[in-house]
Amino acid sequence: MLSIGDFARAGRVSVRMLRHYDAIGLLAPARVDASTGYRSYTAGQLALLNRIVALKELGLTLAQVQQVVESAVTVDEIRGMLMLRRAELETRIQEDTARLAHVQARLRIIESEGQMSAYEVVIKSVPALRVAELTGTAKTMDPSSIGPVVRGLYERLCTGLDRSGVVPIGPAVAYYEDAGDDENVVVHAALPVDADPEGDYEFAVVDLQAEAQVASLLHKGSMDNCLPAYQALAQWIDAAGYRNAGPSREVTLACPEDVDGWVTELQEPVAKP
């Protein structure tokens, strides 16, 4: 017979855990001294303890372990438990891999700049969105070129919405695409709406697709001074090992009269190469 301490050491578990196994009926000692309460185990019980430890290391709960060792589940049910556990582990690995990439990106930026970035980048998903929009063309992505085009488009869009009786239901979304001529940029000025895409309007009603992953950064202040924010976002995307996977979006979260109080979310759809 083995004392509870010897049995615990042989099975690589704690005495406290053996007492717990006894309490829930998972592994009872072979003998309990009536006068002292000391628990004793046989060497043959080590096989059961090893099986319990192995099943726990797979990530099964104690309730599931008990069902398995007591043959209270079928082979198909055990297979289902293990497939679910595999899916959980795969998800955790994916999350930890992404987290590792973000840590490495932060380190690369600190090493290149010698300081923490003034901007924080997060990865998030964005849902599909129906918008009313007008489009125009800018010569470059420089704010001095984009700004006047965006402002003019929004003035016309708001006028058209008023005339159509369509009320915006969310913050403004501007997004940009290459015009295909290696020079110009197509500018989209949009506002979320609940409207029929087939309606007769002075503007287009389109559905922006959902994005599974966007690198998101908040820019505070006038969009005329947004280049450092875009540069920080591009640097982070490159350092984290992502690639751009769609048109850039700017979501206006706040736009008071004082431009220093503007808050704009810069969104870059991203994916792994």
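Rules used in this analysis
- Residues numbered from 1 in each chain as written.
- Predicted model: local features only at pLDDT ≥ 70, side-chain atom pairs only at ≥ 80, totals over all residues.
- Heavy atoms only, no water.
- Pairing = 2+ DSSP bridges.
- Helix = DSSP H or I, 4+ residues; strand = E, 2+ residues; numbered from the N terminus.
- Axes fitted to C-alpha atoms, helices over the stretch in contact; angles between N-to-C directions.
- Parallel < 35°, antiparallel > 145°, perpendicular 65-115°, else oblique.
- Contact = heavy atoms within 4.5 Å.
- Nonpolar A, V, L, I, M, F, W, Y, C, P; charged D, E, K, R; others polar.
- Core = buried A, V, L, I, M, F, W, Y, C linked by side-chain atoms within 4.5 Å.
- Buried < 20%, exposed > 50% of the residue type's maximum accessible area, 1.4 Å probe, protein only.
- pLDDT = per-residue confidence, 0-100.
- Salt bridge = Lys/Arg side-chain N within 4 Å of Asp/Glu carboxyl O.

J.: Any chance you could explain the sheet that holds strand β3 (residues 39-41) here in plain terms?
T.: Working definition: the strands of a sheet are paired by backbone hydrogen bonds and lie parallel or antiparallel to each other. Read across the open sheet, the 3 strands follow the order β1-β3-β2; overall the sheet is antiparallel. Looking at the sheet topology across the chains shown, the edges are occupied by β1 (2-3) and β2 (31-32). Examined bridge by bridge, β2 and β3 share 2 bridges and lie antiparallel to one another. Across the sheet, the residue bridging to V32 is R39, located in β3.

J.: I keep staring at the packing of helix α1 (residues 4-11) against helix α2 (residues 15-23) and nothing clicks. Help me out?
T.: If you want to describe how two helices pack, look at the angle between their axes and the distance between the axes. Two elements in contact, α1 and α2, have axes whose closest approach is 9 Å; the angle formed by their N-to-C orientations is 100°. By the criterion of interaxial angle, the relationship of α1 to α2 is roughly perpendicular. For the pair α1 and α2, contact is made by I4, G5, F7 and A8 and by V15, L18 and R19, respectively. Across the contact of α1 with α2, the residue classes break down as 5 nonpolar, 1 polar and 1 charged.

J.: Help me out: how do you make sense of the nonpolar core in this one?
T.: Inside soluble globular proteins, nonpolar side chains tend to come together where they are buried. Y154, L157, L161, Y176, V187, F203 and W236 are the most contacted members of the largest nonpolar core, which has 40 residues in total. Looking at this core, the elements that each hand over two or more residues are α5 (75-113), β5 (129-138), α6 (143-164), β6 (173-178), β7 (185-192), β9 (211-220), α7 (227-239) and β12 (263-271). Ignoring any residue separated from it by four or fewer positions in sequence, one finds Y154 in contact with A172, V173, A174, A189, A190 and L191.

J.: Help me out: how do you make sense of the pairing of β9 in this one?
T.: Regular strands place their side chains on alternate faces of the sheet. Pairing geometry for strand β4 (residues 121-126) and β9, over 5 bridges, is antiparallel. When the sheet's bridge partners are listed, I123 is paired in β9 with A215. As judged from the 7 bridges shared by β9 and β12, these two strands associate in the antiparallel manner. Paired with V214 across the strands is P269, a residue of β12.

J.: Please clarify how unusual backbone geometry should be interpreted in this entry.
T.: In terms of backbone geometry, most residues other than glycine have negative phi values and most peptide bonds are trans. The phi dihedral of R12 falls on the positive side, at around 60°, and the residue is not glycine. The backbone phi angle of S71 is positive, close to 55°, even though this residue is not glycine. Mapped onto the fold, S71 is located in the loop between α4 (62-69) and α5. The exposure class of S71 is exposed, given its relative accessible area of 63%.

J.: In this structure, what is going on with the confidence of the model for the chain? I would like to understand it.
T.: Close inspection of predicted coordinates is inappropriate in any region flagged by low pLDDT. Per-residue pLDDT for the chain averages 91, and the proportion of residues at 70 or more is 99%. Within the chain, the lowest mean pLDDT, 86, falls on α5, and the highest, 96, falls on β5.

J.: Please explain the packing of α2 against helix α3 (residues 46-57) as it appears in this structure.
T.: At their nearest, the axes of α2 and α3 sit 13 Å apart, and the two run at 100° to each other. With respect to α3, the element α2 is oriented roughly perpendicular. Contact residues: α2 offers M17, L18 and Y21, while α3 offers L49, I52 and K56. Each residue belonging to the contact of α2 with α3 can be placed in one class, and the counts come to 5 nonpolar, no polar and 1 charged.

J.: How should the pattern of salt bridges be read in this particular structure?
T.: Where charged atoms of side chains with opposite charge meet at close range, the side chains can pair. Throughout the structure, instances matching the rule amount to 8 salt bridges. When the shortest N-O distance is used, the salt bridge between E88 and R85 registers 3.3 Å. Pair noted here: E88 and R85 are both in helix α5, with a separation of 3 residues, about one helical turn. Here E202 ties to R163 by a salt bridge, and the two come within 2.8 Å at their closest N and O atoms. Of this pair, E202 sits in the loop between β7 and β8 (204-208) while R163 sits in helix α6, and the two are 39 residues apart along the sequence.

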